[in-house]
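Read off the chains here:
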Amino acid sequence: MKRRTTRMLVTTAFLLAATSAIAGPPKPPKGSTQDSCGYPFGTAPALSSVVFSESDTLQAFDFTNGVIRAWYTDEHALTLGVRRVVVKTSTGTTTTDYPFTDFSGVSAVNPLVGTTFAAGDQAGTDLATYNPAYGFLDHGRPLWPALYITDITDPNNIVPGDWQQGGSAIPPSAVYGTWKAAVRTVDRTHTPALITVTPDIDPVKNNWNGIPDVPPGGFGTNDGYGAEIVWNVGNLLSGHTYRLQFMTHDGDQNKSGGDAGEACVAMSPVIVPQLQ
């Protein structure tokens, strides 16, 4: 994976600035450095100790007229979610298919991202919290593009909305470019259960084609597959400051625990007078 620089936009309508998660957090695990979210720190099984190996797939972020956008690029297409969960037991195999918006070469508004369960065999999450010593813990990282929002206007309310703090993942309102699904298999004939996530085959590379909005500073790095992910968040309050945590998964899932990227920014929406 080539190293990339994530870009952030600062406008009069929306202030985006890199933030650390917690003032003076413990040191990160040996061999890792803290990202723009202030993670990792602590030790397993704490969620704060989980390392994100693909954060440079997130290229840039922007806000316009109540819409948050993130741009993704990688050598594999964005994982939009888990379309199928296969559970194997000593008595047989159960396959559950979930509603999923297949890539058809066009954009998808309100895309179906498969299973969004955060717990149990049917969870649409990765293996970030799996450890052979104690088996699989629930609340892995969502395999669909997720946004976490925390109102940090109160200085005592810094990170409770982050994934690491048990926050709720917001699925995207739209996706452009390319994407694909994954299949999650839970084999309970092993102890602990053997869990795997297998991405579908990549579509044809789009090289940023089909992306309707230009990210701040231009498209920059092109790794073959590009996507724009959109969340509509028009209910944020002017005068408040929010921490946004973005989370995406790339399309090969060959890193320990899954190939997830994260980035965090702080923003303060303001009311922009409209011309009459």
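Residues numbered from 1 in each chain as written. Predicted model: local features only at pLDDT ≥ 70, side-chain atom pairs only at ≥ 80, totals over all residues. Heavy atoms only, no water.

### Focus on the confidence of the model for the chain
1) Next: Looking at the chain as a whole, the pLDDT averages 84, with 83% of positions reaching at least 70.
2) Next: Here residues 5-26 is a poorly scored stretch, pLDDT under 50, and it has 73 contacts once near neighbours within four places are set aside; other chains count. (pLDDT = per-residue confidence, 0-100. Contact = heavy atoms within 4.5 Å.)

### Points about the packing of aromatic side chains
1) Next: A full pass over the atoms with the stated rule returns seven aromatic pairs.
2) Next: Relative to tryptophan 163, the ring of phenylalanine 52 lies with its centre 6.2 Å away and its plane at 85 degrees, an arrangement referred to as edge-to-face. Separated by 111 residues along the polypeptide, phenylalanine 52 in the loop between strand S2 (17-18) and strand S3 (58-64) and tryptophan 163 in the loop between strand S10 (146-151) and strand S11 (174-177) bring together distant segments of the chain.
3) Next: Its relative accessible area of 0% is what places tryptophan 163 among the buried residues.
4) Next: Grouping aromatic residues by their ring pairs yields a cluster made of Phe61, Trp231 and Phe246.
5) Next: Sitting above the plane of the phenylalanine 52 ring, arginine 141 keeps its charged end 4.6 Å from the centroid. (Phe/Tyr/Trp six-rings, centres within 6.5 Å; stacked < 30°, edge-to-face > 60°. Helix = DSSP H or I, 4+ residues; strand = E, 2+ residues; numbered from the N terminus. Buried < 20%, exposed > 50% of the residue type's maximum accessible area, 1.4 Å probe, protein only. Lys NZ or Arg CZ within 6 Å of the ring centre and 35° of its normal.)

### Description of the sheet that holds strand S6 (residues 92-97)
Pairing between sheet strands relies on hydrogen bonds along the backbone, with the strands arranged either parallel or antiparallel.
1) Next: Pairing within the open sheet is mixed, and its four strands lie in the order S6-S5-S12-S13. Pairing within the sheet leaves two strands with one partner each, and these edge strands are S6 and strand S13 (194-199). Going from strand to strand, the sheet's axes swing by 20 degrees on average, the running direction of each strand aside.
2) Next: Looking at chain direction, strand S12 (residues 179-187) and S13 are connected through six bridges and run antiparallel. The residue bridging arginine 184 from the neighbouring strand is valine 197, located in S13. (Pairing = 2+ DSSP bridges. Axes fitted to C-alpha atoms, helices over the stretch in contact; angles between N-to-C directions.)

### Some words on the nonpolar core
1) Next: Ile68, Trp231, Leu244 and Phe246 are the most contacted members of the largest nonpolar core, which has 36 residues in total.
2) Next: Listed by contribution, the elements that provide at least two residues to this core are S3, strand S4 (67-74), strand S5 (78-89), S10, S12, strand S14 (225-232), strand S15 (242-249) and strand S16 (260-267).
3) Next: Ignoring sequence-local partners within four residues, the contact set of phenylalanine 246 consists of Leu58, Phe61, Ile68, Ala70, Ala146, Leu147, Trp231, Gly261, Glu262, Ala263 and Val265.
4) Next: Judged by nonpolar contacts, the second largest core, of 11 residues, contains Val87, Leu143, Ala182 and Ala193. (Core = buried A, V, L, I, M, F, W, Y, C linked by side-chain atoms within 4.5 Å.)

### Thoughts on unusual backbone geometry
1) Next: In this structure, proline 40 follows tyrosine 39 across a cis peptide bond, with omega equal to 5 degrees.
2) Next: Counting through the fold element by element, proline 40 comes out in the loop between S2 and S3.
3) Next: Positive phi is not limited to glycine here, since asparagine 110 has a value of about 50 degrees.
4) Next: Within the element layout of this structure, asparagine 110 appears in the loop between strand S7 (108-109) and strand S8 (130-131).
5) Next: The class for asparagine 110 is exposed, based on a relative accessible area of 55%.
6) Next: Non-glycine residue tryptophan 208 carries a positive phi angle of around 75 degrees.
7) Next: Inspection of the secondary structure puts tryptophan 208 in the loop between S13 and S14.
8) Next: Using a relative accessible area of 7% as the deciding quantity, one classes tryptophan 208 as buried.

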